[in-house]
Amino acid sequence: MDLLSGELEVEKHVKYILSIEKKKDSFESVAMEHLRMNGAYWGLTTLDLLGKIETVDQDEVISWVMQCQHESGGFAGNVGHDPHILYTLSAVQVLALFDKLDVLDVDKLSDCILWLNFMEKNAATFSPCLLDRKLDICGLQNEDGSFSGDIWGEVDTRFSYIAICCLSLLHRLDKINTEKAVEYIVSCQNLDGGFGCTPGGESHAGQIFCCVSALAITGSLYHIDKDLLGWWLCERQLKSGGLNGRPEKLPDVCYSWWVLTSLILIDRVHWIDKVKLARFILDCQDKENGGISDRPDDAVDVFHTYFGVAGLSLLEYPGLKAIDPAHALPVDVINKIFFDRK
Amino acid sequence: MTENKDSDDIAFHQLKQLERILECDPLINEVGFIHPSQFAALDDEIVGSDKSVAHSIPQSVDEFISTNLDANDLQHDSSIFWIRDHKLAISTEALFHLYNAAKHAFMAALTQQKMVDSLCRKTDKSLNKKVTDDNTGPDIFLESEVMNHSKALLLLSCDNGTAWNSRKLICSKKQCLSLLMDELLFSALILSYAPKSESAWSHRRWVIKAIDGKYPKFEDVVERESELVEKIAERSKMNYRAWNHRCWLITYMTKEQVINQLQNSRKWAELHVGDSSCFHYRQLLLQRMLKHCSRFDVYHVRKEELEWNEMLIKRYIGREALWVHRRFLSQLGSRPFRSEAEKEPYVVSNQDNINMNNFISSEMQLLHSCLSISDNDFEDIQSQGVFAASYILWMFKFFNLRQQLHNSQLTVLEDMPRVMGELKMALNKLCPEKTLLWEDQVISRIM
Ligand SMILES: [Zn+2]
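Procedures and definitions
Within every chain, residues take consecutive numbers counted from 1 along the sequence as written. As a convention, the first chain written is A and the first ligand written is 1, with the rest following in written order. The model is predicted, so local features are restricted to residues of pLDDT at least 70 and side-chain atom pairs to those at 80 or more, both for listing and for counting; the totals for chains, interfaces and linings are taken over all residues. Only hydrogens and water are set aside when side-chain values are computed; all heavy atoms of the structure are taken into account. UniProt positions are given in the numbering used here, feature names are shortened, and annotations may be inferred rather than shown by experiment. Here, two residues are considered to be in contact whenever any of their heavy atoms come within 4.5 Å of each other. Two parts lose some accessible area (1.4 Å probe) when they are put together, and adding that loss for both gives the buried area. A side-chain nitrogen of Lys or Arg and a carboxyl oxygen of Asp or Glu constitute a salt bridge if their distance falls within 4 Å. In protein, a polar contact means a hydrogen-donor-capable atom and an acceptor-capable atom, both N or O and within 3.5 Å, with residues adjacent in sequence counting only if both atoms are side-chain atoms; elsewhere, any N or O pair within 3.5 Å suffices. Runs of E in the DSSP output that reach at least two residues are strands. Runs of H or I that reach at least four are helices, and both are numbered from the N terminus. Relative accessibility thresholds used throughout: buried, under 20% of the residue-type maximum; exposed, over 50%; partly exposed, between the two (1.4 Å probe, protein chains only). For Na, K and Ca the donor cut-off is 3.2 Å, while for other metals it is 2.8 Å, and in both cases only N, O and S atoms qualify; water is not among them, so sites may look incomplete. The rule is simple: four donors are tetrahedral if all their angles sit between 85 and 135 degrees, four are square planar and six octahedral if opposite donors span more than 155 degrees and the others lie between 65 and 115, and anything that fits none of that is irregular. Think of pLDDT as the predictor's per-residue confidence, scored from 0 to 100. Working definition: rings of Phe, Tyr and Trp (its six-membered ring) pair if their centres are within 6.5 Å, and the pair is stacked with planes under 30 degrees apart, edge-to-face with planes over 60 apart, and tilted otherwise. In this scheme, the term charge over a ring applies when either NZ of a lysine or CZ of an arginine sits within 6 Å of the ring centre and within 35 degrees of the ring normal. For each domain, the first and last residues come from an automatic or database assignment. Classification convention: Asp, Glu, Lys, Arg as charged; Ala, Val, Leu, Ile, Met, Phe, Trp, Tyr, Cys, Pro as nonpolar; all other residues, Gly among them, as polar. Residues belong to a common nonpolar core when they are buried Ala, Val, Leu, Ile, Met, Phe, Trp, Tyr or Cys residues joined through side-chain atoms within 4.5 Å.

As annotated in an unreviewed UniProt entry, chain B carries the name Prenyltransferase alpha subunit repeat-containing protein and comes from Thalictrum thalictroides. The UniProt entry for chain B carries this comment under Sequence similarities (unreviewed entry): "Belongs to the protein prenyltransferase subunit alpha family."

As recorded in an unreviewed UniProt entry, chain A goes by Geranylgeranyl transferase type-2 subunit beta and comes from Thalictrum thalictroides. Entered under Subunit (unreviewed entry) in the UniProt record, the comment concerning chain A runs "Heterotrimer composed of the alpha subunit RGTA, the beta subunit RGTB and REP; within this trimer, RGTA and RGTB form the catalytic component, while REP mediates peptide substrate binding." Recorded in UniProt under Catalytic activity (unreviewed entry), the annotation for chain A is "geranylgeranyl diphosphate + L-cysteinyl-[protein] = S-geranylgeranyl-L-cysteinyl-[protein] + diphosphate".

Enquirer: Would you mind going over the interface of chain B and chain A with me for this structure?
Expert: In this complex, chain B contributes 55 residues to the contact, which on the side of chain A involves 51 residues. Around 4,900 Å² of area is buried between chain B and chain A when both sides are counted, 54% of it from carbon and sulfur atoms. Taken together, chain B and chain A are joined by nine salt bridges. Remark: the boundary between chain B and chain A carries 27 residue pairs in polar contact (both at pLDDT 80 or more).

Enquirer: Quick question: what am I supposed to make of unusual backbone geometry here?
Expert: Note: most residues except glycine have negative phi, and most peptide bonds are trans. All names here are of chain A. With a phi angle near 75 degrees, Glu 248 is a residue other than glycine that sits in the positive phi range. One can find Glu 248 in the loop between helix H10 (226-234) and helix H11 (254-265). A residue is classified by how much of its surface remains accessible, and Glu 248, at 22% relative accessible area, is partly exposed. Within the chain, Ala 328 stands out as a residue other than glycine whose phi angle is a positive 55 degrees.

Enquirer: Please explain the coordination of the zinc ion as it appears in this structure.
Expert: Metal coordination angles have textbook ideals: 109.5 degrees for a tetrahedral set of four donors and 90 or 180 degrees for an octahedral set of six. Residue and element names in this part refer to chain A. At the metal site, the zinc ion is ligated by Asp 252 (OD), Asp 252 (OD), Cys 254 (SG) and His 304 (NE2), and these contacts range over 2.2 to 2.4 Å. Each of the four donor atoms around the zinc ion contributes to a set of angles spanning 56 to 116 degrees, which defines the coordination as irregular. As a motif over one chain, the donors of the zinc ion read D-x1-C-x49-H. Placement of Cys 254 in helix H11 and of His 304 in helix H13 (residues 302-314) is noted, with a sequence separation of 50 residues between them. Given the relative accessible area of 4%, Cys 254 is considered buried. Note on His 304: relative accessible area 8%, which makes it buried.

Enquirer: Is there a simple way to explain the confidence of the model for chain A in this structure?
Expert: Note: predicted coordinates in regions of low pLDDT should not be interpreted at a detailed level. Averaged over every residue, the pLDDT of chain A is 90; residues scoring 70 or more account for 91%. Overall, residues 119-141 of chain A carries pLDDT values under 50, and its contacts beyond four positions in sequence, including any with other chains, amount to 49 contacts.

Enquirer: Would you take a moment to explain the packing of aromatic side chains for this structure?
Expert: What describes a pair of aromatic rings is the distance from one ring centre to the other and the angle between the planes of the rings. Residue and element names in this part refer to chain B. Using the criterion set out here, one finds 21 aromatic pairs over all chains in the structure. A ring pair is formed by Trp 243 and Tyr 281, whose centres lie 5.7 Å apart and whose planes are at 55 degrees; its orientation type is tilted. One end of the pair, Trp 243, is in helix H10 (residues 240-249); the other, Tyr 281, is in helix H12 (residues 276-290), and 38 residues separate them in sequence. Per residue, the accessibility class of Trp 243 equals that of Tyr 281, and both read buried. Across the ring face of Phe 359, the terminal group of Arg 302 is positioned such that the distance to the ring centre comes to 4.4 Å.

Enquirer: Looking at this structure, how should I read the domain arrangement of chain A?
Expert: The accessible area lost on association of the parts is a frequent measure of interface size. All names here are of chain A. Each domain of chain A was delimited in the assignment, giving domain 1 (12-31 + 220-342), domain 2 (32-103) and domain 3 (105-187). Buried surface at the junction of domain 1 and domain 3, both sides included, amounts to about 690 Å², of which 64% is carbon and sulfur. Taken together, the links from domain 1 to domain 3 amount to three residue pairs in polar contact (both at pLDDT 80 or more). The biggest single contributor to the side of domain 1 that touches domain 3 is helix H14 (residues 331-339), with three residues. A breakdown of the residues in the side of domain 1 that touches domain 3 according to their chemical character gives six nonpolar, three polar and one charged.

Enquirer: Hey, could you run me through the nonpolar core in this one?
Expert: A general feature of soluble globular proteins is that nonpolar side chains tend to end up buried together. With 186 residues, the main nonpolar core has Leu 44, Tyr 161, Phe 195 and Trp 257 of chain A as its most contacted residues. Ranked by the residues each element gives to this core, the list is headed by helix H16 (residues 379-398) of chain B, at 11 residues. Once residues lying within four places of it in the same chain are set aside, the contact partners of Tyr 161 of chain A are Leu 89, Phe 209, Cys 210, Ser 213, Ala 214, Ile 217, Ala 326, His 327 and Ala 328 of chain A. Core analysis: the second largest hydrophobic core is formed by 49 residues, Leu 15, Ile 28, Leu 189 and Ala 200 of chain B among them.

Enquirer: Would you mind showing me how to read the pattern of salt bridges here?
Expert: Evaluation of the coordinates by the stated rule reveals 43 salt bridges over all chains. With its nearest N and O atoms 3.9 Å apart, the salt bridge here joins Glu 9 of chain A to Lys 287 of chain A. One end of the pair, Glu 9 of chain A, is in the segment before helix H1 (10-20); the other, Lys 287 of chain A, is in the loop between helix H12 (274-283) and H13, with 278 residues separating them in the sequence. The class of Glu 9 of chain A is partly exposed, set by a relative accessible area of 23%. Owing to a relative accessible area of 40%, Lys 287 of chain A belongs among the partly exposed residues under this scheme. Ionic pairing is found between Glu 433 of chain B and Lys 239 of chain A, a salt bridge with its closest N-O pair at 3.3 Å. Remark: Lys 239 of chain A occurs in the loop between H10 and H11 and Glu 433 of chain B occurs in the loop between helix H19 (416-430) and helix H20 (435-446); the pair is interchain, linking two chains. For Glu 433 of chain B, a relative accessible area of 31% puts it in the partly exposed group. Connected through salt bridges with shared partners, the residues Asp 107, Asp 111, Arg 172 and Lys 175 of chain A form a single ionic network.

Following this line, the structure appears as structure tokens:
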């Protein structure tokens, strides 16, 4: 990896990320504002990995994050929007980046995650009066151990990961029946070793990352046949060095993260060519204006910039902070959460 | 926002036009965002094919225009909207202001609706119900505002979850079947130009769960839903969200539907051999169909699918999706599929041994036929060699009949070290970048 040292355009990427927030004058920039919380996580984590998080106004970010919190405890993608578990994790991660998890009412938030879980049963017959229900149903879980994304009941292993990762960061994993949660995730494993959204769902690298990380956090990786899954994952590497997310797809920088984390967590990362992958990611940089795209010469965005830099961090690219593959946060942030507890 | 008042007014007026267009023609089935200079080209495309006047609502939807609409309201700015034959085009120049107007209108209506809702709930729960029956009152007005504005907003920003949720909330309050069916039309419209919109697919699942048990011919809904996925998959290759939706539908299918789907998807797969999602769909259908079948039935279904797959492998050289499907088939009928019968100990019959011997030696033949041409420099032919050799290695390593293999006299297995050596050599030559994988897998297999 030392060979490629110096090829990452650190300053330009920092400039690019800081510029995104200022652009509000085109349709493309405003039409995505409903997921601004995810964008904040991608941008800020990238800045932190690059060692430049102090370039943003921390108080401003935190006060905006807290404005996105819904009365139920969950977070929305932006002020005034509905809460969803997808944005809740990003909000928790952003607060963790600034070592500010103590601004949260942790019990209320973790009860909310449990509550979403409970709501699944009522999804089809949902009635708005349930919104008024007191959050006193701690400990209730879907019979099958799955998690929903919000009160509307969509179930997905991504939401299992998010719930588990969130509760882990909040030291509240004991609130759920992890055994059941793990059982559900394992039921989504396919014969090819991969995982899908629900039982029987097609294997997809993004879903695999969620399932493997959730199993890692709960100490349940022994459920996985590592050779079988590792084989599927390393078949994602194409001649260009880039990784795809499923058979027959083009390589894409974002899979550097999803495939690589999974390979690291199951200890099979030596089956891919790491230098070639780093080369591919570096070739996706916009060397002039900063930012990273999905494939060489495509338009850059903050999503792929984050996954590119995070991928390079996993590859131990010189000068980057290390990142924790399961929680998707810099290792020093994770250490603070798990080892510096008062 | 630093917009001046005038441009806000203009944008709001345009939003009204858009909402009126959508209201007048609920059958709009395609939307596109194009530069206004291309509007003329759209007109040319259908010259002679249609007699309706350009830039006006087509005659065919007259029946949908309720009597209280003023004909003047149907006028719209032809430099921004183009509509004909249920196809709508919106000028890319107008999107930014239109989006802002739609967002503000939607958010304002939603806030007001929530306020009225919580007031109703606090004072008297039954009040809410009563007003709903009346079809008047402030909440009815606000509901239609939320429905209209969210429609316009979603058209411009299809993954806005809050806007989708506001529609779900109104649908679940009304408990009205036709309202739910309208949601299927509207989300299909979104999917016509955003086929990967996760929120739109998820919205459909919510609607379908809500009408299950209420709609008289629910099988028809499932059938049409499956057809919709196929139509979208045709234009949007390798669409994970679309196929995932179709897989989800299987649990709602009747036995006959499963068999029909298997037949129909076969033709589709032959024309789209690179779309591995379609093969995954077949895998689920096969498992569903064979769930309660005898070992004999499983054997025959599997054999037929293997032969079909081999025919495709030989016709389309170097297609990964076909080999991935074959890996699955190699395991079909083995232990994980037999959950029903798992309680009884599995006895390997003589016939099993013969079948297994035949299967493995025919797979070895397939391997040799693929490797014999892989000396060729063409990339597809080289890939075919890698796929074939890694398929055999994978099968030996993960065969769930390992137990069975051990107990039986499989002639091909007596020669395992030689077979492994041959595979290792082929793979290291054709795909040297994965040497560490081949090394690990071959060694762990021999030991
Ligand atoms: Zn990507």
